Amino acid sequence: MPTTARHAPRFQRRRIDVNGVRIHAVTGGSGPPVLLLHGYPQTHAMWHAVAPGLAARHEVVCADLRGYGDSSKPPGGADHAGYSKRAMAQDMADLMTALGHRRFHLVGHDRGGRVAHRLAADHPGRVASLTVLDIAPTLAMYERTDMAFARAYYHWFLFIQPAPIPERMLAAVGLEAIFQRHVLGASDLFHPRAWAEYERCFTPAMIHASCEDYRASAGIDLEHDRADRAAGRRLALPLHVLWGAQGVVGRLFDPLALWREVADDVSGQALDCKHFLAEEKPAETLAALAAFLGRQPAP
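Everything numeric in this text was worked out from a predicted model, so none of it was measured.

### Regarding the sheet that holds strand β6 (residues 127-133)
What holds strands together in a sheet is hydrogen bonding between their backbones, with the strands either parallel or antiparallel.
Alright, step 1. The 8 strands lie next to each other as β1-β2-β4-β3-β5-β6-β7-β8, forming an open sheet whose pairing is mixed. Edge positions in the open sheet fall to β1 (12-18) and β8 (263-271), since each of these has one partner strand only. Each strand axis lies, on average, 20° off the axis of its neighbour in the sheet, ignoring direction.
Alright, step 2. When strand β5 (residues 104-109) meets β6, the two strands line up parallel, connected through 6 bridges. Note on β6: the bridge partner recorded for H109 is L133.
Alright, step 3. Contacts from helix α4 (residues 111-122) reach β3 (33-37), β5, β6 and β7 (235-244), with the element oriented near 145° to β5.

### A look at the state of the cysteines
Alright, step 1. With the rule as written, the count across this model stands at 0 disulfides.
Alright, step 2. Looking at C273, it has no disulfide partner, and the nearest cysteine sulfur is the one in C62, 19 Å off.
Alright, step 3. By relative accessible area, which is 2% here, C273 ends up buried.

### So, the packing of helix α3 (residues 85-98) against α4
If you want to describe how two helices pack, look at the angle between their axes and the distance between the axes.
Alright, step 1. For the pair α3 and α4, the least separation of the axes is 8 Å and the interaxial angle reads 75°. Judged by the inter-axis angle, α3 sits roughly perpendicular to α4. Each of K85, R86, M88, A89, M92 and A93 in α3 lies in contact with α4, whose residues at this interface are R111, R114, V115, R118, L119 and D122.

### Considering the side chain of T131
Alright, step 1. Along the chain, T131 falls in strand β6.
Alright, step 2. Under the relative-accessibility criterion, T131 is labelled buried at 0%.
Alright, step 3. Leave out the neighbours within four places in its chain, and T131 touches L106, V107, G108, H240, L242, L289 and F292.

### Some details on helix α12 (residues 220-231)
Alright, step 1. Over its 12 residues, α12 runs 17 Å from end to end, which matches the ideal 16 Å to within 8%, given 1.5 Å per residue.
Alright, step 2. Of the residues making up α12, those classed as buried are I220, D221, L222, H224, D225 and D228.
Alright, step 3. The inward-facing, buried residues of α12 abut α3, α4, α5 (138-143) and α11 (204-217).

### Quick word on the environment of L258
Alright, step 1. Residue placement: L258 occurs in helix α14 (residues 255-260).
Alright, step 2. A relative accessible area of 5% means that L258 is categorised as buried.
Alright, step 3. As for L258 and P137, which are separated by 121 residues in sequence, their C-alpha atoms are 6.9 Å apart.
Alright, step 4. Excluding residues within four positions of it along the chain, L258 makes contact with A136, P137, A140, R144 and F253.

What counts as what
Residues numbered from 1 in each chain as written. Predicted model: local features only at pLDDT ≥ 70, side-chain atom pairs only at ≥ 80, totals over all residues. Heavy atoms only, no water. Pairing = 2+ DSSP bridges. Helix = DSSP H or I, 4+ residues; strand = E, 2+ residues; numbered from the N terminus. Axes fitted to C-alpha atoms, helices over the stretch in contact; angles between N-to-C directions. Contact = heavy atoms within 4.5 Å. Disulfide = S-S within 2.5 Å. Buried < 20%, exposed > 50% of the residue type's maximum accessible area, 1.4 Å probe, protein only. Parallel < 35°, antiparallel > 145°, perpendicular 65-115°, else oblique. Expected span 1.5 Å × (residues − 1).

Here you go:
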């Protein structure tokens, strides 16, 4: 860290212009390609303990989503469409095209999982398999919101408020306070250089972009999800779900049941952790990913 390249010399830093933005990524390894997408408020660096292991059998791409890390932070627009999961998914489809990968495996944690869901829905011919970490489908989570969920995921409802109220609040409380809501002793949980990377990237521009990401999820993304449901569009690819048994998703939702509402071939398991699977339980996360990917045909 602060990038995966520091942990695995085979990884190379890339900055590629796609879909009107510049996406920062690191790539390494050889074999069937797999794209790893990070969550909030992190960067590609969250995969530092997982990517090198996957790179033994896969060509691994760890990308910063638009708005995060060292990727571009474009305006969201009046309807926040600049941070719709459709736009963010198109970035990643174009990135993989630019890297020479027509089909690939896809793994997403948290916000990256929501981008991955939309990528698989919009580009079914491109995605060989999908793994999502500690999320249920966005539409299902909003439609099942109750007091327990609203208290636990208060940030979903704070971040969607009009600018600049949440932006100013986030800048004032800082990164530590955000992580503390999910994992007690958060800064001790993460590798020091990973934590330094998250702090470096927690800029006013990233804070605003990430709020736009959440605003899009509560608006235009739900429109896209409802259109899929109305048209009967489902995910037909193999979908694997990993979640933290001690986390909000595992305690308040049934991840496998909710994913089976939108996908035909769903498997998965809980890990003994909270939300940050790849950093709380890196060995277990790597083993689960490697086992699932090992069962899939090459893209």
